[in-house]
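# Examining the three-dimensional arrangement
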Amino acid sequence: MDSTSDSLRLQLRRAVDECSSRGLFFAAKWAAEQLCSLTAADSRFGGPATPTTPTLSRAKDREQLHLRNIAAAAPAMAGRDGDDSNSNNNNNNKEEEEELQQKQRLAAEWDRLDADERDHTALAKSLFDLRELDRAAFCLRDCKGPRAVFLRLYAQYLSRERKRKTGDQQLTGEDSTSPTSAAAGGSAQSSIDRELVSIRDELVGLESPDSFCLFLLATVQLALGQREDARGSCIRSVCMYEYNWSAWLLLESCMDPRQHRSVDSLDAELSRCTGWMRHAFMAHVLLELFAATPAAAATSAPASAAAAAVGAGAAVPASPRPGGGASAQDFAVHYHVLEQLFPQSMFVIGLRAVRHYNMREFEEAGRLFAQLRQLDPFRLELSDIHSNILFVMEDRARLSELAHRCAEVDRFRPETCCVIGNYYSLRKQHEKAVGYFQRALQLDRNYLAAWTLMGHEFIELKNTAAAIDAYRHAVDVDDRDYRAWYGLGKTYEMLNMPHYACSYYSRAAALRPYDSRMWCALANCYELGGQPAQAVACYRRALAGSSECEALAIGRLAKLYEEKAAAAPNGGGPDRERAAYYYQLLYQHAAKNAAGASGAAGPFGDSGLSGASAGAGGIGAGGAAAANASAVEQDELAAACLFLAAFELDRGNAKAAHQYLAQVIEGAGQQRAEEAKAMMRAHIPPPPATAAAAAASAASGSSSS
């Protein structure tokens, strides 16, 4: 374990130096955090002191020696397979040896060029750190080394991005609404785009680009909308040098979760990356792209609900990602590797915290975020997600404490503005919340959480036009954010435009295939649009996901089948049986929740259906709203019992019908209870003992008269 720790330190120290010298500060910070977590783990468990850092030349020598040892050991291991195999292996070893020698010659040439240009590179790096980007690029105009070429083109790219963010009005110094200003702004934008194309062409024309130039090429290609080309450049970059975390994050940005091969083929494409960085990336990407996994749904959804569609005579609709059931298990495998190597890493703990947040296990996620605060009280990363958890839990005290702490650390960070905005939103001060989300966007125009949360606030303010604009900006920033697509669907549903809402809900469901809330929202829009068959398919698909909207999906399925059976000329025998099946599931679901919450014997206890669906929306309802929702659910359950009673009477099962009607009479409202009494008097004769008692009472009354 000591040699493993020493090797990790060597790799991470070199990564910090390499990334810092090229201005990749985020990647350098990430590597340094993992390095310090190793030191903290050793000091905690009484490990050895940190050895002296080897020089970069010695690090390269050790890597080359390691490759030579592998190449020398390969023939000895493969020689047992016969002469033909031995010959093939010898040829392969020769090719590998030639490739290794070529890489060594190329590395030596790169080192020579960097050494000759180190004075110009040092000046350019100083200018780069002072954000004099154009001057830094000009300083390196005649340099040919890979480090100088990267720094020059990266400075040009950042200068272009800064000009783009400044906006047309600042570029022209005029009113952006005037025709002359619009024309000038358009010419400025086209000039910036030409500069971007020029950077790409120069990078493509490099004879032997290093991993950092390939990373910059992928960045430019993605900015130009060439996602597939950017993906290929990213893979080449991380396979050449694994310890640039920014390159891995860029690769994640190039992936589309709607394309199965984006994740399923990564193992093959990254086969050359055999180090632990691949595990860090796979854990991160599985967490981001497939938050609601089938494994999570299987652990939370009851077996009766998962089998509901099969019991009704049809198969559950297929998963949008075939084979996706392994994503949760894959995440666990990759996370376990990271946890063994970096037990005290805040990155690793943060992965686990976000995982619990995505699975809506807010208590455990909050505990892990509190642990992160103890490790580093001045760290603001993931504080916005922590505030989301406290918002959903309606913990105003802890959210207020978090907002004050973030403001003390740095008031001008987007995460701080987001936390404060969530605090004001929880206090129903939506105008102030919008103001802080807008401040976050002034600090970072591409801050996705602020766009989405601001859209939610505009929904609360009934400003649908502003909400749509905010959600569309969120989609422009990242079209893989299911919350923005869901918000668009919700807004158009409020505008009574179900066809538009269906389109946006479909995008959200494709990105979050095992979240029952997405499918129930889509099904409701299909109902509003007069498409009951599609609604049935979506509700059944919801039953294969998480359990949050299980009661809603079961109840709506039963109602839809009941309506279909009522409209059928022959009484709808199969559809009526399906309706009875789902109503029975609804009855069992309510009875289970009532018994678990209050120990009630029947489904009309203190909880019933309301206990199953209180958290479906993410924020618990309080006061009159919760009471009203509970009354509606109790009425729906009473209607289900009345239907089941009628169904059992048609089958000649008077005893079962009597049980359902008795439940309604005991626990439902007055109107439903009267319906149950009328049905009982009309179709169910009193028990023999009750009939004899009634006859005796009548006889005693006549004799006394």
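Described below are features of the structure shown in this document. (Residues numbered from 1 in each chain as written. Predicted model: local features only at pLDDT ≥ 70, side-chain atom pairs only at ≥ 80, totals over all residues. Heavy atoms only, no water.)

The subject of this paragraph is the overall build of the protein. Looking only at helices and strands, the protein has 38 helices and 0 strands in total. Taking the intrachain contacts of the protein between residues at least 6 apart in sequence as the baseline, contacts between residues at least 24 apart amount to 63%. (Helix = DSSP H or I, 4+ residues; strand = E, 2+ residues; numbered from the N terminus. Contact = heavy atoms within 4.5 Å.)

This next bit is on the packing of helix H29 (residues 498-511) against helix H30 (residues 516-528). Viewed as axis vectors pointing N to C, H29 and H30 meet at an angle of 160°, and their least axial separation amounts to 9 Å. As summarised for this structure, H29 and H30 are arranged roughly antiparallel, according to the angle between their axes. As H29 runs across H30, the sense of the crossing is left-handed. Note on element contacts: H30 touches H29 through Met 518, Trp 519, Ala 521, Leu 522, Cys 525, Tyr 526 and Leu 528, opposite Pro 498, Ala 501, Cys 502, Tyr 505, Ser 506, Ala 508 and Ala 509. (Axes fitted to C-alpha atoms, helices over the stretch in contact; angles between N-to-C directions. Parallel < 35°, antiparallel > 145°, perpendicular 65-115°, else oblique. Left-handed = near helix turned anticlockwise from the far one by under 90°.)

What follows deals with unusual backbone geometry. Positioned with a positive phi, Arg 360 is a non-glycine residue whose angle comes to about 65°. Locating Arg 360 in the fold gives a position in the loop between helix H20 (346-358) and helix H21 (362-375). A positive phi angle, close to 65°, is found at Lys 462, a residue other than glycine.

Turning to the environment of Ala 523, a few remarks are in order. Considering the arrangement of structural elements, one finds Ala 523 in helix H30. For the pair Ala 523 and Arg 541, spaced 18 residues apart in sequence, the C-alpha separation works out to 9.6 Å. Apart from residues no more than four positions distant in its own chain, Ala 523 is found in contact with Ala 535, Cys 538 and Tyr 539.

Let us now look at the state of the cysteines. By the definition in use, this model includes 0 disulfides. Cysteine Cys 520 is unpaired, with the sulfur of Cys 549 as its nearest cysteine sulfur at 4.4 Å. By relative accessible area, which is 4% here, Cys 520 ends up buried. (Disulfide = S-S within 2.5 Å. Buried < 20%, exposed > 50% of the residue type's maximum accessible area, 1.4 Å probe, protein only.)

Between H21 and helix H22 (residues 383-392), the least distance of the axes is 10 Å, while the angle of their chain directions is 140°. Looking at the two axes, H21 sits oblique to H22. Judged by the twist between their axes, the crossing of H21 over H22 is left-handed. Across from Phe 362, Ala 365, Gly 366, Phe 369 and Arg 373 in H21, the residues of H22 making contact are Ile 385, His 386, Ile 389 and Val 392.

Grouped together as the largest cluster of nonpolar side chains are 91 residues, with contacts concentrated most on Met 454, Leu 488, Tyr 539 and Tyr 582. Setting aside its immediate chain neighbours within four residues, Leu 488 contacts Ile 468, Tyr 471, Arg 472, Val 475 and Tyr 504. (Core = buried A, V, L, I, M, F, W, Y, C linked by side-chain atoms within 4.5 Å.)

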